[in-house]
Every structure is written in C-alpha cells, then in structure tokens.
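# Fold and contact review
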Amino acid sequence: MLDCHLLDTGYCIVSESQMIQGGQQRKIHCHAIVALLRHPTQGWLLWDTGYAPRMIEAMRPWPYRIYALATPLHARPEQAVVKQLPRWGLHAEDIHHIILSHFHADHLAGLRDFPDATPIATRAGYEAVAGRTGLAALRRAVLPVLLPEDFTARALLLATPFRGPPLPGLGPTHDLFGDGLLRLVELPGHARGQVGLLAQTTQGPRLFAADGAWLSQAIREQRPPAAITRLFVDDFQAVTETLRRLHEFARACPEVLILPTHCPEIFEREVKPWPPALSP
Ligand SMILES: [Zn+2]
Ligand SMILES: [Zn+2]
C-alpha cells in the first residue's frame, strides 16, 4: 500500500457552462490537485506537478497570455509542490519519480523544481507536444518553457497502447513497478497520450483521472464538456467515450474513489487547503 497526500497547488476560474454541457453561467474554482505518494520500496513520487509561480511568468509573453486570459490563475508561491514538501520533512531530491498524466501546463508547471527526478509519461503524449511553440503549443494548452531541456534524457517514455491486465470499462493497464500498486491506464480524448493512475493507498484504492473528466458529476451523468472545448482538446469524440468508460468503471468498482484533478466536489471533500489561512 502507498501513503497518499493530496496537495492544493492553486486554482483557476472557469465557467461551469464550459466544464459540462448544460452547466450554469457561474464561475467555478478549479484547483490543480497533486498527489504525493510513498511507495513501500520505490520511495516518494508525485502524480503530476500542478501550478507553480513560473507558470505566471510563462503566460506573460504573447501569445501565451491568451492562456491567462482564458483561465485566470490564482497560485501562491507557497502552494508550489516543492514548497509544500517540508510539511512531510521532504525536499526536492527525495522525489524519485514524477508521473505526468499529460503535458498541459497546469499539470507540468512544477516539473522544473525536480531536476533529479525521473519523469514518467507516454511517448505519444510527449511527441504530440515536442518542439511546439507559439500558437501551435497554445493550441495544445502547452507552455514550452515549463519543460526542462534535459526532459528526454531523464524521462521514462512509455509505449502505448498498454498491454497489461485490463480494468473494467477502461481497458489495458501498465503496471509501473510490477507489483500491482500503481497501474496506469489510457484516458484518450482530452490530450494525446493522457493516462490515469489506479493507486492502492492506505486509504483505499484511488483512480486519479487527470482531465479524463473535469467534474465527478460528468462521470456520474456521462455529460461531456461544452462544445467550445473542442478548440483545444485532442479528440472530442474520445472525450465523450472516455467519460462513458469512466462511468462504467465507477459502476463496476464502487470501492474505488475517482479523483478528477480539478473537480471542486473532490477538492472540498478530500483536500485540505494550503496554506491553512486560505480555508473558508
Ligand atoms: Zn488538461
Ligand atoms: Zn488540467
């Protein structure tokens, strides 16, 4: 079993009407949750890296400013993952692996704070963003400056499709350390090569669903995001299909808690705001 801690790295403001079809015209705080996990033999690892102050810098030049205008960001320096590690007596060098669900900036911004860690992602995910700059990058919600220069030298890039034993609804998996504790599963549609992570934690099994769904409600009701999100998702039809598959998984495995990275419902129930002064 793994110890599991959920970290709040800040939030952006999005209209509910964009996040889910039939949503209201009200603004929602979409936090970027990161999971800090301790594997019994492999040590500490991260699921995604969330927001970090350098993302605000990265969004200043044109055309990347469009990203900031589309989703106004509220991320305080002390919310960066690397700044929160001392809460567990840890420092950057204690993190051995970083699993990247996909390469969107809100999952990647903290990566440069961990120069010694091994990033893990799909090769398909990396190749879809590699070398892109300007509008071609923005079109994929990528801020190129967030990716370290030595990324490919350090990274473990996984071949897809996965071939390991399947999960109900979700299909084949990749068993990261061969012990069944961390199993990656493909969640196509939102971003090329996106993966989710089924982790066996001391609090029970958890499926980190990244942006396979933005809201838990979307999985329950199989309601896709608004059509306008077609502008930057990889394959809108696959987004809808992934929601259906997550729904099927949820029905087959009700004991697994599914955590979409940005779901306010999950945030309120499962995450302790940081710093504590930010609590409502
Ligand atoms: Zn994303
Ligand atoms: Zn995201």
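Above this text you will find the structure in question.
Residues numbered from 1 in each chain as written. Chains lettered and ligands numbered in written order. Predicted model: local features only at pLDDT ≥ 70, side-chain atom pairs only at ≥ 80, totals over all residues. Heavy atoms only, no water.

### What to know about the coordination of the zinc ion (ligand 1)
Each donor-metal-donor angle in an ideal tetrahedron of four donors is 109.5 degrees, and each such angle in an ideal octahedron of six donors is either 90 or 180 degrees. Operational definition: Atoms are scored as donors when they are N, O or S and lie within 2.8 Å of the metal, with 3.2 Å used for Na, K and Ca; no water is included, so coordination may look incomplete. In this scheme the shape depends on donor count and angles: four donors with every angle between 85 and 135 degrees give tetrahedral, four or six donors with opposite pairs above 155 degrees and others between 65 and 115 give square planar or octahedral in turn, and any other case is irregular. For the purposes of this entry, the term helix denotes a DSSP run of H or I that reaches at least four residues, the term strand denotes a run of E that reaches at least two, and both are numbered from the N terminus.
In the first shell of the zinc ion (ligand 1), the protein supplies His102 (NE2), His104 (ND1), His190 (NE2) and Asp211 (OD), at 2.1 to 2.3 Å from the metal. Classification of the site at the zinc ion (ligand 1) rests on its four donor atoms, whose angles at the metal span 90 to 166 degrees, yielding the label irregular. Mapped onto the polypeptide sequence, the residues donating to the zinc ion (ligand 1) form the spacing pattern H-x1-H-x85-H-x20-D. Here the zinc ion (ligand 2) and the zinc ion (ligand 1) are spaced 3.4 Å from one another, each receiving a donor from Asp211. With a gap of 107 residues between them, His104 in the loop between strand S5 (95-99) and helix H5 (105-108) and Asp211 in the loop between strand S12 (204-210) and helix H9 (216-221) connect regions that are remote in the sequence.

### Things to note about the layout of surface pockets
Counted only if it meets this: Throughout, the protein atoms alone are placed on a 1 Å grid, and a set of points is a cavity if a 1.4 Å probe fits but cannot get out or a pocket if it is open with protein on both sides within 12 Å along at least five of seven lines; lining residues have an atom within 4 Å of a point. Grid points are joined across faces, edges and corners, and a volume is the space filled by probe spheres set on the points. Note on residue categories: nonpolar means Ala, Val, Leu, Ile, Met, Phe, Trp, Tyr, Cys or Pro, charged means Asp, Glu, Lys or Arg, and polar means any other residue, Gly included.
A volume near 680 Å³ is recorded for the largest pocket. For the largest pocket, the lining is made up of 24 residues, of which Tyr67, Ala70, Thr71, Ala141 and Phe232 are closest to its centre. Broken down by secondary-structure element, the contributors of at least two residues to the lining of the largest pocket are strand S1 (3-15), helix H1 (16-19), helix H3 (65-70) and helix H7 (134-138). Ranked by residues supplied to the lining of the largest pocket, first place goes to H3 with three residues. For the lining of the largest pocket, the residue count by class is 15 nonpolar, six polar and three charged.

### Observations concerning the nonpolar core
Basically, it comes down to this: The definition of a nonpolar core used throughout is a set of buried Ala, Val, Leu, Ile, Met, Phe, Trp, Tyr and Cys residues joined through side-chain atoms within 4.5 Å. Here's how the labels work: a residue is buried when its accessible area is under 20% of the maximum for its type, exposed when over 50%, partly exposed in between, all with a 1.4 Å probe on protein chains only. In what follows, residue pairs with any heavy atoms lying within 4.5 Å of each other are defined as contacts.
Counting 67 residues, the largest nonpolar core has Met55, Phe103, Phe114, Leu143, Phe151 and Leu207 as the members making the most contacts within it. Looking at this core, the element that brings in the most residues is strand S2 (residues 27-39), giving five residues. Those residues in contact with Leu207, other than ones at most four positions away along the chain, are Leu170, Val185, Leu197, Leu198, Leu246, Phe249, Val256, Leu257, Ile258 and Leu259.

### Details of the coordination of the zinc ion (ligand 2)
Coordination sphere of the zinc ion (ligand 2), protein contribution only: Asp106 (OD), His107 (NE2), Asp211 (OD) and His262 (NE2), at 2.0 to 2.2 Å. All donors to the zinc ion (ligand 2) come from one chain, and their sequence spacing reads D-H-x103-D-x50-H.

### Quick notes on the pattern of salt bridges
Between side chains of opposite charge, a pair can form when the charged atoms approach closely. This is how the line gets drawn: The working definition used for a salt bridge is a side-chain nitrogen of Lys or Arg within 4 Å of a carboxyl oxygen of Asp or Glu.
Inspection of the entire model under this criterion finds 16 salt bridges. Glu78 is the salt-bridge partner of Arg76, the closest N and O atoms lying 2.8 Å from each other. The class for Glu78 is partly exposed, based on a relative accessible area of 30%. Between Arg244 and Glu248 there is a salt bridge whose closest N-O contact spans 2.8 Å. Of this pair, Arg244 and Glu248 both sit in helix H10 (residues 236-252), four residues apart, roughly one helical turn.

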